[in-house]
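# Overview (structure and organization)
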Amino acid sequence: MSSSALMATYSPPDILFERGDGAYLMTQDGDKYLDFITGIAVSAFGHNHPHLVAALIDQAGKYWHSSNMFRIESAEILAERLTKHTFADRAYFANSGGEAVEAGLKMMRRYHFDAGDTKRTRIIGMKNSFHGRTIATVAAAGNPAHVKGFFEGDLGFDHVSYGDIDALRAAITDETAGVILEPVQGEGGVLPAPEGYMNAVRKLCDETGILFMVDEIQCGMGRTGKLFAYEWSDIEPDILAAAKGLGGGFPIGACLATEKVAACMVVGTHGSTFGGNPLATRVGNAVLDLVLEDGLLDQVCRHSETLKSGLQDLVDLHPDKLTAVQGLGLMVGIKCKVPNVDLLVKLRDNKLLTGRAGTDVLRLLPPLNLTDAHIDEALGILNKTLKNW
Ligand SMILES: *Cc1c(COP(=O)(O)O)cnc(C)c1O
């Protein structure tokens, strides 16, 4: 463990990366790691991608920042493209996922306020979810471990079990403003919404006049084989939060919304000094170039099949250690019988970087542009690690 001056909110292993190349991260000592976690779905096109580096360097040589006091061309272009390819009509840019969610939470309340329905301030979140670490976003997720010692009460958020449409129906009152959920729960264990659930939530929101917000910070931007995961269902949300992969490693968040909802966000309602910054939105556009490239999303689906069937073989081979494969696209979870943290550490010792999720899931979030050879290499390391347990 390093004894640095950083606050102890994280406890990283004693490894220092010096550079990255595609799906690999290299240390100063010359160790080379296959990156199947990509900073939690952030470095979506691996490391040092020439198209992303070129965009950042080009913008760095022009200007970095003007604030939203002035028009930012790359932000306008990115908003135009994100809305063209989604349900949304408007985009708001932030610097992180938590802020993107926060914008959507505020919008849900303000929408009803402007409609004269001032009672509608409560928002329903899902148990086992994750929306960030600000006060409002931890309240939205309601994870007791994240709330403890920071506030008392519910701050206007109710919580129901993910996938339980009857529980959601019962929780909606004339004080409810909207619902927020992850179409694929990430931190909670890589759990896709049950079949038909997204449609049922949409229907319920329409019947009761409340808003439907999806948090696609982890599952969006091509991760599941669609630009956004809600596209796997038949419905469109009212609000969507994106971040993580959107910047490919450069900090950026976005909150997308329909015109109907976004109309409440007029001058003075919300803002951010850095949000939509030229560096961030130039890189965001470059990432979008790659996600929208012909065949990329199909390739994500193909590689997902290969990876998941290889993992299923490992589950069959090591039933005393692994129990199931779950997830969508290249957002994959392996349910473990052995402690997931122990597996993560052993894999890292064998030069494969992974993450954990929930209490018993190992999380794989490889680069979206990986190859069959990377999948073979990862499966090989997993098999070797499980064999030598
Ligand atoms: C990571 C994540 C967030 C929070 O993003 P930050 O950039 O850390 O604020 C919110 N929601 C989901 C689903 C996430 O995976």
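Analysis parameters
Sequence order as written defines the numbering, with residues in each chain counted from 1. At least 70 in pLDDT is required for a residue's local features to be given in this predicted model, at least 80 for side-chain atom pairs to be given and counted, and no such filter applies to totals for whole chains, interfaces and linings, which use all residues. To obtain the side-chain values, all non-hydrogen atoms of the structure were used and water was disregarded. Nearness is judged by heavy atoms alone; a residue qualifies as near a molecule or strand once a single heavy atom is within 4 Å of it. In protein, a polar contact means a hydrogen-donor-capable atom and an acceptor-capable atom, both N or O and within 3.5 Å, with residues adjacent in sequence counting only if both atoms are side-chain atoms; elsewhere, any N or O pair within 3.5 Å suffices. Residue exposure ignores everything except the shown protein chains as possible cover, and the areas themselves are Shrake-Rupley values with a 1.4 Å probe. For this classification, the nonpolar set comprises Ala, Val, Leu, Ile, Met, Phe, Trp, Tyr, Cys and Pro, the charged set comprises Asp, Glu, Lys and Arg, and every other residue, Gly included, is treated as polar. Helix and strand assignments follow DSSP, with helices taken as H or I runs no shorter than four residues and strands as E runs no shorter than two, numbered in order from the N terminus. An expected span of 1.5 Å times one less than the residue number is assigned to each helix. Residue exposure (1.4 Å probe, protein chains only): buried if accessible area is under 20% of the type maximum, exposed if over 50%, otherwise partly exposed. Directions are taken from the helix axis to each C-beta atom, and the arc is the one they span. Note on contacts: a residue pair is in contact if any heavy atoms of the two residues lie within 4.5 Å. Only buried residues count toward a nonpolar core, which is a set of Ala, Val, Leu, Ile, Met, Phe, Trp, Tyr and Cys residues joined through side-chain atoms within 4.5 Å. These domain boundaries are the output of an automatic or database domain assignment. Here, strands pair whenever DSSP counts at least two bridges between them. By definition, the buried area sums, over both parts, the 1.4 Å-probe accessible area that each loses when the two are put together.

## Notes on the site of the ligand
Taken together, Ser96, Gly97, Gly98, Phe130, His131, Gly132, Glu182, Asp215, Ile217, Gln218 and Lys244 make up all the residues around the ligand. The contact in question runs from an oxygen atom of the ligand to an N or O atom on the side chain of Gln218, over 2.8 Å. Lys244 has a polar side-chain atom sitting 2.6 Å from an oxygen atom of the ligand. In isolation the ligand offers 380 Å² of accessible surface; the protein chains occlude 80% of this area. Of the residues belonging to the shell around the ligand, the class tally is two nonpolar, six polar and three charged.

## Examining helix H8 (residues 197–208)
End to end, H8 covers 16 Å across twelve residues, agreeing with the expected 16 Å (1.5 Å per residue, within 8%). Along H8, the positions that sit buried rather than exposed are Tyr197, Met198, Val201, Arg202, Leu204 and Cys205. Down the axis of H8, the smallest arc covering the buried residues is 165°, so these residues share one side. Looking at H8, the residues exposed on the side facing more than 90 degrees away from the buried face are Lys203, Asp206 and Glu207. Contacts made by the buried residues of H8 are with strand E5 (122–126), helix H7 (165–171), strand E7 (176–181) and strand E10 (211–215). A positive phi of about 70° marks Gly209, the residue just after H8.

## Re helix H3 (residues 73–84)
Here H3 is twelve residues long and its end C-alpha atoms lie 16 Å apart, about the 16 Å a rise of 1.5 Å per residue gives. Within H3, the full set of buried residues consists of Ser74, Ala75, Leu78, Ala79, Leu82 and Thr83. All buried residues of H3 fall inside an arc of 160° around its axis, so they share one side. Opposite its buried face, H3 presents the exposed residues Glu73, Glu80 and Lys84, each directed more than 90 degrees away. Where H3 is buried, its residues contact strand E4 (90–94), strand E12 (253–257) and helix H10 (278–291).

## Side note on the nonpolar core
Core analysis: the largest hydrophobic core is formed by 79 residues, its most contacted members being Leu168, Val179, Leu181, Leu307, Leu311 and Leu362. It is H10 that contributes the most residues to this core, seven residues altogether. No fewer than three residues from each of domain 1 (17–49 + 295–387) and domain 2 (63–291) sit in this core. Counting 28 residues, the second-largest nonpolar core is a separate cluster that includes Ala103, Phe157, Ile239 and Cys255.

## Overview of the sheet that holds strand E15 (residues 352–353)
In spatial order, the strands read E1-E2-E3-E15; together these four strands make up an open sheet with mixed pairing. The sheet terminates laterally at strand E1 (17–21) and E15, the two strands that pair on one side only. The pairing of strand E2 (residues 24–27) with strand E3 (residues 32–35) spans three bridges and is antiparallel. Bridge pairing in E3 links Met26 to Lys32.

## Quick word on the domain arrangement of the protein
Segmentation of the protein into domains returns domain 1 (17–49 + 295–387) and domain 2 (63–291). The gap between the C-alpha centroids of domain 1 and domain 2 is 27 Å. Across the boundary between the two partners, domain 1 contributes 27 residues, which contact 26 residues of domain 2. Taken together, both faces of the contact between domain 1 and domain 2 bury some 2,100 Å²; the carbon and sulfur share is 68%. On the domain 1 side of the interface with domain 2, the three residues burying the most area are Leu297, Leu328 and Met331, jointly 29% of the side's total.

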